[in-house]
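# A look at the structure
Take a look at the letters that make up each chain.
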Amino acid sequence: MALSKEQYKVFEDIVGPENISDDPVILDGGHSGPTGFSAGFYLQRPPAVILPGSTEDVQAIMKAINRYGLQANVSSSGWGCLSGTNALSKDMIVLDMRRMNRILEIDEKNMCAVVEPYVSAGQLQGVLEKLGFSAHCTGAGPTQSVLASAAAFGGMGFDSIFMSYSGRNVLGVEWVTPTGEVARIGSRGSGQGWFYPDSPGVSVWGTLRGGFGTSAGLGVFTKCATKIYPWPGEGEEHTGVSPTYLVEKYPEKLKAYYLAFPSYERMAEAVYKISEANIGYMLNRIWGAALPFVVADSNDEVWALLQTGVFQERCKYGFAFSLGAFSSREIEYQEKTLMKILEETEGDTIDDLLDLTPAGRSRLYYHLSWNAGSVAAVFKAAGAFLAGVSYIDTTDACIDGTKIATEVKKEYGEKGVLLDDGDACWGVAYEGGVLSGLHTEQIWQWDPSEAESVAGCFDYMVSSIKPWADRGFTLFWGGKMGPFAELYGPAATDYQMWLKRIKREFDPKAVANPFFYTAIAAEE
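Computed from a predicted model, the values in this text were never measured in an experiment.

## Remarks on the overall build of the protein
In terms of helices and strands, the protein carries 20 helices and 19 strands. Taking the principal axes of the C-alpha coordinates as reference, the protein spans close to 70 × 55 × 45 Å. Contacts spanning at least 24 positions in sequence make up 70% of the contacts within the protein whose residues lie at least 6 apart. Summing over all exposed atoms, the protein offers an accessible surface of approximately 21200 Å²; the carbon and sulfur share of this is 53%. A gap of 5 Å separates the mean positions of the 43 positive and 64 negative side-chain charges of the protein.

Okay, here's the thing in structure tokens:
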């Protein structure tokens, strides 16, 4: 649906003529998500893309959208969200937040950073590490929006064992409601600064955030304060340029490993023991066939390593892990504790394998120390990937789910529809194991140019969800996303009904994107 001249002029007056467009070239520029998953299956060409530059712009835009009976979707970097920058209905305008890209404040004393929506994790990390700090980064890597993952979406990552997930790091938000009101949640709302995300009584922030956020389904977050943490990498020296750095001097208090085990059960035992001992700065489950993509310098090197079969065999049950400490005695204690755990669980640090490539050890270190992720690796093998079939539960339950999803996936690998790369189960640990314990996601890689592979991608997602749900477990991704909430909500206290009640209260005209939250009929 095209905007009328009157409607276009109203939005143009808010943001200026250079910050709105209905040019088809611009509108189609974000027509598929970053994983290739979208591929035109459910996406529409939006009537316009608008670039707000301030909270006041967003407020005026949302009021106009309500007035004209339109809808809104919001995009920061677009990375990590399946709908990306897209419209999901013919009258859904896209608010592209790229002009709101400032780090507004870094409070070293109270250890928090205040950011706008388009600040990326890499941008914030680069500033913080010069000051001796770090911030939580999700597994989506350095290009994802700090605000989007913290205030509005998921947010688990390598550092979750030390820094938890994004929603647990929020220290206040500025929020434009779907009706165009501005609310400041937490201590900021009382003019007391950014240090506390909630307020006494009924939890407005809990209503907005929940376990997985509302995505763009309940308005627009325009500012967010997030916790920052001390970084133990003091003393590191390196040479080279991105993406290839070589460590010349490793820091004393930050040590990186790959830990391999003889079975799922021994690997799970090690995770439990690590959690009980309260050690660890990063934990990232990488399966054997994926590890060469992290430690090697090129696809040719990866291919040569995979041909040996040694990584697939020795690293089938393992994860990347780092220790981070803030005194010499602490790092000594953590290292002794880790070696004791490996002895008790038959674990191996695979030191010999890391030396098979010139940059292998450096790459593993950076993978875990700079919190930069390894996003490029999941695109290299097949051209596209998707992460889902996700579980947040005890370590045993998550490994159970991994076995189920792997068994289902085997058939697709044998057909050549999906990449046949083993269990392909990514995972992280939460807060030393005290918050449910583990989060795992099945990752499958596929060719977006092949119709059979695209169909297999969708088919596998549904096929692998069902046996897990049949056992009475609610899926982390599946249970959250609007369409799946209708399927799985009745088995989990009918939470989808609460989502609808909240949506009706804050968004009576159903203007905010429902896909990752919940859908209701418009008021009229």
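This is not the end of the story, as more comes after the structure.
## Some words on the sheet that holds strand β18 (residues 425-429)
If you walk across this open sheet you meet the three strands as β17-β19-β18, and the pairing is antiparallel. Among the strands making up the open sheet, the edge pair consists of β17 (384-393) and β18. Direction aside, neighbouring strands of the sheet carry axes that sit 20° apart on average. For β17 and strand β19 (residues 438-446), the ladder comprises nine bridges, and the chain directions are antiparallel. Bridging across to β19, Leu386 finds its partner in Trp444. Strands β17, β18 and β19 of the sheet are contacted by helix α16 (residues 395-415), whose axis makes an angle of about 15° with β19.

## Describing the state of the cysteines
The full count for this structure, using the stated rule, is zero disulfides. We note that Cys315 lacks a disulfide partner, and the nearest cysteine sulfur, in Cys425, lies 16 Å from it. A relative accessible area of 0% places Cys315 in the buried class. For the unlinked cysteine Cys425, the closest cysteine sulfur is that of Cys398, found at 7.9 Å.

## Quick word on the pairing of strand β13 (residues 244-249)
Note that strand β12 (residues 237-241) and β13 share five bridges and pair antiparallel. Bridge pairing in β13 links Gly240 to Tyr245. Connecting the antiparallel pair β12 and β13 is a turn made up of two residues.

Reading guide: rules and limits
Residues numbered from 1 in each chain as written. Predicted model: local features only at pLDDT ≥ 70, side-chain atom pairs only at ≥ 80, totals over all residues. Heavy atoms only, no water. Helix = DSSP H or I, 4+ residues; strand = E, 2+ residues; numbered from the N terminus. Contact = heavy atoms within 4.5 Å. Areas by Shrake-Rupley, 256 points an atom, 1.4 Å probe, with all protein chains shown as cover. Lys, Arg positive; Asp, Glu negative; His and termini not counted. Charge placed at Lys NZ, Arg CZ, Asp CG, Glu CD. Pairing = 2+ DSSP bridges. Axes fitted to C-alpha atoms, helices over the stretch in contact; angles between N-to-C directions. Disulfide = S-S within 2.5 Å. Buried < 20%, exposed > 50% of the residue type's maximum accessible area, 1.4 Å probe, protein only.

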